[in-house]
Amino acid sequence: MPLEVLLVEDSPGDVRLTKEAFRDANSSIHLNVAADGVEAMAFLRHQGIHAHVPRPDLILLDLNLPKMDGREVLAHIKEDSSLKLIPTVILTTSDAEADIVKSYELQANCYLSKPVQLDAFEALVKSINDFWLTKVKLPRQR
Amino acid sequence: MKTIGQSGTPIEVLLVEDSPGDVRLTREAFREANNAIHLHVAADGVEAMAFLTHTGDHVRAPRPDLILLDLNLPKMDGREVLAHIKDDITLKTIPTVILTTSDAELDIVKSYQLHANCYLTKPVQLDAFESLVKSINDFWLIKVKLPQKAPCV
């Protein structure tokens, strides 16, 4: 069974880089992309064109997103008794202390800031795979 | 931002574990992985909460940067400790990693429901256990951005 990852990211460049880095790290990952917060919630709630999408095993969430902010998406996920089980990793360019604290207050599972350097970004994606998708026990429930 | 191993600030890790053997193995594995780590140990759930709330013998205990929490503990269960941490406005921002021998789906689901930051099972093999401790260090104490301080209350 493939590992389903939902990447919530509005930058097409970052989407492409993340997709390529995961492909190198783990070929059994199926990367799904939502380009804004509204689409992310529609994906997670199987609404509209997302009626038949899989439940993700892991969510990678940017904070600054069009339509609905990543903080609001995170709050919705962690207030929902079923969605809250899905580990949600903040992956953002911000390293502002206020964003870090706010994300943990909203029960983000962890907070990572995107390195600008390409090789450091690839190493970070590899470590997300090595830790979250290899070492961590994820809930099996779908 | 706390810059691990560069600022000279020690990294405070609270291990909540009742097995002396597991405490010793964890301590040795962390010592090899990162010498900037101060490992504090609470042997049961009541002691863990006293450490986190600076009560009794723990008045001067530092705020941990990371908590490693076993589930099956004397006096107060790990699930109850986790619920207390994640219900507390200042403690909830401390990443809390479940580290247990249980791989029961019920324990995994319950821990994520209570907002554990992640769930890891302790391998029985010694080299696998050491490698897991190293990966906790590499991910949580090097890659992850931890909150610098307690939110103001």
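Scroll up to find the structure this text is about.
In this report, we go over the structure that sits alongside the text. (Residues numbered from 1 in each chain as written. Chains lettered and ligands numbered in written order. Predicted model: local features only at pLDDT ≥ 70, side-chain atom pairs only at ≥ 80, totals over all residues.)

**Side note on the environment of A:Ile77**
Residue and element names in this part refer to chain A.
Point 1. Here Ile77 lies in helix α3 (residues 70-79).
Point 2. Along the primary structure Ile77 and Leu44 are separated by 33 residues, whereas in three dimensions their C-alpha atoms are 8.6 Å apart.
Point 3. Discounting residues that sit within four places of it in the chain, Ile77 has contacts with Leu44, Ile59, Leu83, Lys84, Ile86 and Thr88. (Helix = DSSP H or I, 4+ residues; strand = E, 2+ residues; numbered from the N terminus. Contact = placed C-beta atoms within 7 Å.)

**Here's the deal with the nonpolar core**
Point 1. Counting 76 residues, the largest nonpolar core has A:Val8, A:Val89, B:Val16 and B:Val97 as its most contacted members.
Point 2. What B:Val97 contacts, discounting residues up to four positions off in sequence, is B:Leu66, B:Ile67, B:Leu68, B:Leu69, B:Asn117, B:Cys118, B:Leu120, B:Ile136 and B:Trp140. (Core = buried A, V, L, I, M, F, W, Y, C linked by C-beta atoms within 7 Å. Buried ≥ 20, exposed ≤ 12 C-beta atoms within 10 Å, placed from the backbone.)

**What about the interface of chain A and chain B?**
Point 1. Contacts between the two partners involve 25 residues from chain A, matched on the other side by 26 residues from chain B.
Point 2. Tallied by class, the residues present in the side of chain A that touches chain B amount to 12 nonpolar, five polar and eight charged. (Nonpolar A, V, L, I, M, F, W, Y, C, P; charged D, E, K, R; others polar.)

**Digging into the sheet that holds strand β4 (residues 88-92) of chain A**
Residues and elements named next belong to chain A.
Point 1. The five strands are arranged β2-β1-β3-β4-β5 in an open sheet whose pairing can be described as parallel. Each edge of the sheet is formed by a strand with only one pairing partner; in this case those strands are β2 (29-34) and β5 (110-113). Here the average twist between neighbouring strands, direction ignored, is 20 degrees.
Point 2. Here strand β1 (residues 3-8) pairs with strand β3 (residues 58-61) via four bridges, running parallel. Of the residues in β3, the one forming a bridge with Val8 is Leu61. (Pairing = 2+ DSSP bridges. Axes fitted to C-alpha atoms, helices over the stretch in contact; angles between N-to-C directions.)

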